[in-house]
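As a plain string of letters, each chain reads:
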Amino acid sequence: MLVLLWACPAQLACDATDGCLLLNSNVVGLGAAETLTQPQEVSASTIALSVEFCTASMANFAAFTTRCYCYGGSCTVPGPTIVTSPGATLTITFTNSLGANPAGAVTANTMHSPNTVNLHTHGLHVDPAVDSIFVEVEPGESHTYAYQLPSDHHPGFHWYHSHHHGSSTFQVMGGLVGGLRVEPSSASDLPTALQAMARVTMVVHHIALDNSDTSTDPFTVWTYTDLHVRVGATDSIGASYSDSSVTDAWAVNGQYQPQHAMAPGEWQIFDVVNAAGDRILELEINTALQTVDVGDPASVSTATTSGECSSYLLAVDGIYLDTARSGPHVDHLVLVQAQRVSLAVKCDTAGTYFLQTAYSSSVTNYEAASVQNLVTLVVSGGAVSMSAPTADQTSISKPWYLNDLTSTASSASWSIAVEQTGCCDDAAATYWLGIGDDCSMAVFGRAEGDALCASGGSCATDCASSCATCDGSDKYGSCSGTDWAGVSSYPPSCNYASMDGEQGASGSYAHVAQLGTVETMTIWGRGKAPHPIHIHVNHFQFVEYTKDTGQVATEGWYGKTGDFRDTFPALAGSVETRVVFADFAGEVVVHCHFLKHEDLGMMDTIYVSASASPPSPPPSPPPSVVSSPSPPPSPPPSPPPPGASSPSPPSPPPLLSPPPVPSPLSPPPEGEVDAGLVAAAVAGGVAAACVATALAVLYARGSTRSVKSDVPLPEA
């Protein structure tokens, strides 16, 4: 009997706004478990792919009607794994064979149009005008995507998925996902040890057909049943379950807890994608299913994971690390939504091991976390001897824009921030993405959030009826439509807005990047749960994380200085990165990959200009105090239109001299903070002491805001 419980660890208070731990503590026995199958691989340069209704049947879990990718007459969850190579032209004729959408008007930044689809190649470095999420393939229509990969495209593992604004959450959870691998130009491009290892694709997919999560905060995972209603779908899900208590689970390649064979001493490479638009994936390999909170992943060692198995992290988000990595942050490996890893795994001793989802309260304390076995590793037979991965992976060539940028001077600096309202009722929340020269914000983390909640009242009581007392600043943002410390604390050079569609060559962009130059991009976050920020087409390099407490970190569960990523969590504080928008000019999408947030507005675009002097981005007002964002400012001079395809530069262009960096604001005399911000926050129901504490942290971190003060700080 499988048992599915909503179990709250001691670290969590299980109320209407905090997430709990979804514990699926039983393991499918080897006699009942299916063998892990590999998705069909398609390496043709021209592919016909369609979307059709199908039945997803997952032994030992559930069967339900959904939307599937179909190739060669086979409709599957996930879709086929597409294999391509540097310099190739990948042509996909994409056909929508679904029925008509429900009748009625469509409202932007709401859930809608369940049967309108498109295709996003998440991780490919290709022309954004081709990999465009603004393409809408309506029922009965087809569209041809022609992706031209640069000749120096880095080899790696990526994925593709539906990305129609308003239905991506629903369609991704339903199974419109698939693996995508860029092979090296020659097998010899990889180190010899890696060439000898079998590769195993694992598309890890979260399916919450139903569950008992009663939380209502903005990170609540809406179930497939709920999403089906919200998007207005008229087909029947018709779900049937192997066990009625198991309605929310992770699947691997469309299978529930399959088994996978290995020989003792055999190294294999697991290419894993967290193909989910909602939950963070925390991986461990254990000899018995671990269901306890591991605490800080930095403390995880072979004492808590299987000492019989060794793991090396080879690549993250499809980019090989210069040095293969082992240690606590590999033994407990965290993948935010949409992240990929290539992991070399070996178990020396015959036996049964569990590749499982695990739980760390320092990672997903205030989101719903789920623990279950993903794949049972059956290690048996005669031992084999294979070379371990070499630590040095610098022989794997990279294009110039993926070389180390951490010490490179930037030609421009800009930032991204996220904001939302509605801690009490996530269905009424408004979601904004902020982009601009300065999107710094008064930040706080989990401890400060708890203090704010305690000083403002009990969220479990007050938020159930009104946001007036506990206004949401204890969680993630605000409830009233203003910043928790008052609208005046938003920098005027940060444009907060909900997504208003494709802008094109004449758009009003909050940031215009120069093609081929190095820029510093800072990601700002706050609150208890991190939004996963994704930039299309381009990877960026993690430099350092300045915590909400002012401490600077260069390594954690989120990654290590030097890692190239295309998706990174907006941690409480600020994350500094370097990015080169190389090869392709045009409109580039930036959004939160907690896809419910993206569908409801947390997405925007920037423009990459090929001109020598890009137009200046417009100044932008803070968001309105009502639920809708302020109207956009007048458009700036129009950048040149993007070409159908932009040629790759033969060599990196000369970097511009970095602009002068403003000196950090000197903190006010000890014991003083900004009275105006405190007053605004108090008017909104936030305790003055909490606001003063957060502003003091802001000064300690070197904020460049023009604020002054005459209110004493509380004692630390």
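Everything below is about the structure shown above.
Please read all numbers here as calculations on a predicted model, not as lab measurements. (Residues numbered from 1 in each chain as written. Predicted model: local features only at pLDDT ≥ 70, side-chain atom pairs only at ≥ 80, totals over all residues. Heavy atoms only, no water.)

J.: Can you walk me through the sheet that holds strand β20 (residues 319-325) in this structure?
T.: Sheet strands associate in pairs through backbone hydrogen bonding, adopting either a parallel or an antiparallel arrangement. Read from one edge to the other, the open sheet built from six strands follows the order β15-β13-β17-β22-β19-β20, with strand pairing classed as mixed. Among the strands making up the open sheet, the edge pair consists of β15 (248-252) and β20. When the angles between neighbouring strand axes are averaged without regard to direction, this sheet yields 25°. Both strand β19 (residues 309-316) and β20 contribute to a ladder of three bridges, which runs antiparallel. Across the sheet, the residue bridging to Val316 is Ile319, located in β20. (Pairing = 2+ DSSP bridges. Helix = DSSP H or I, 4+ residues; strand = E, 2+ residues; numbered from the N terminus. Axes fitted to C-alpha atoms, helices over the stretch in contact; angles between N-to-C directions.)

J.: What is the right way to read the pairing of strand β27 (residues 431-436) from this model?
T.: For a regular strand, side chains alternate in direction, first toward one face of the sheet and then toward the other. Of all six residues in β27, six are buried, a share of seventy percent or more. On β27, burial covers both faces: Tyr431, Leu433 and Ile435 on one face and Trp432, Gly434 and Gly436 on the other are all buried. Where strand β26 (residues 412-420) and β27 come together, six bridges link them in antiparallel fashion. Along β27, the bridge assignment pairs Gln420 with Tyr431. One ladder, built from four bridges, connects β27 with strand β28 (residues 494-497); its direction is antiparallel. When the sheet's bridge partners are listed, Gly434 is paired in β28 with Tyr496. (Buried < 20%, exposed > 50% of the residue type's maximum accessible area, 1.4 Å probe, protein only.)

J.: I would appreciate a short explanation of the state of the cysteines in the present structure.
T.: What is meant by a disulfide is a covalent connection between two cysteines, made through their sulfur atoms. This model, assessed by the stated rule, comprises four disulfides. The disulfide bridge from Cys54 ends at Cys68, spanning 1.7 Å between sulfur atoms. With Cys54 in strand β4 (residues 46-58) and Cys68 in strand β5 (residues 62-71), the pair connects residues that are 14 residues apart, well separated along the chain. For Cys309, the disulfide goes to Cys347, at an S-S distance of 2.1 Å. Residues Cys309 and Cys347 are joined by a disulfide whose S-S torsion is about 100°; by sign, that bridge is right-handed. Remark: Cys347 occurs in strand β22 (residues 340-347) and Cys309 occurs in strand β19; sequence separation between them is 38 residues. Residue classification places Cys309 among the buried positions, given a relative accessible area of 10%. (Disulfide = S-S within 2.5 Å.)

J.: In this structure, what is going on with the pattern of salt bridges? I would like to understand it.
T.: When charged atoms on two side chains of opposite charge get close, those side chains can pair. According to the stated counting rule, one finds 13 salt bridges in the structure shown. For Asp271, the salt bridge goes to Arg199, with nearest N and O atoms at 2.9 Å. On the criterion of sequence distance, the pair formed by Asp271 in strand β17 (residues 268-274) and Arg199 in strand β13 (residues 198-208) is long-range, its members being 72 residues apart. Among the residues examined, Arg199 registers a relative accessible area of 29% and is labelled partly exposed. Residues Asp322 and Lys398 are paired through a salt bridge, measuring 3.0 Å at the closest nitrogen-oxygen approach. With Asp322 in strand β20 and Lys398 in the loop between β25 (373-379) and β26, this residue pair connects regions lying 76 residues apart in the sequence. Ionic contacts of the salt-bridge type, sharing partners, join the residues Asp317, Arg340, Arg565 and Asp566 into one network. (Salt bridge = Lys/Arg side-chain N within 4 Å of Asp/Glu carboxyl O.)

Everything listed here is a matter of coordinates, which is why it stays silent on function.
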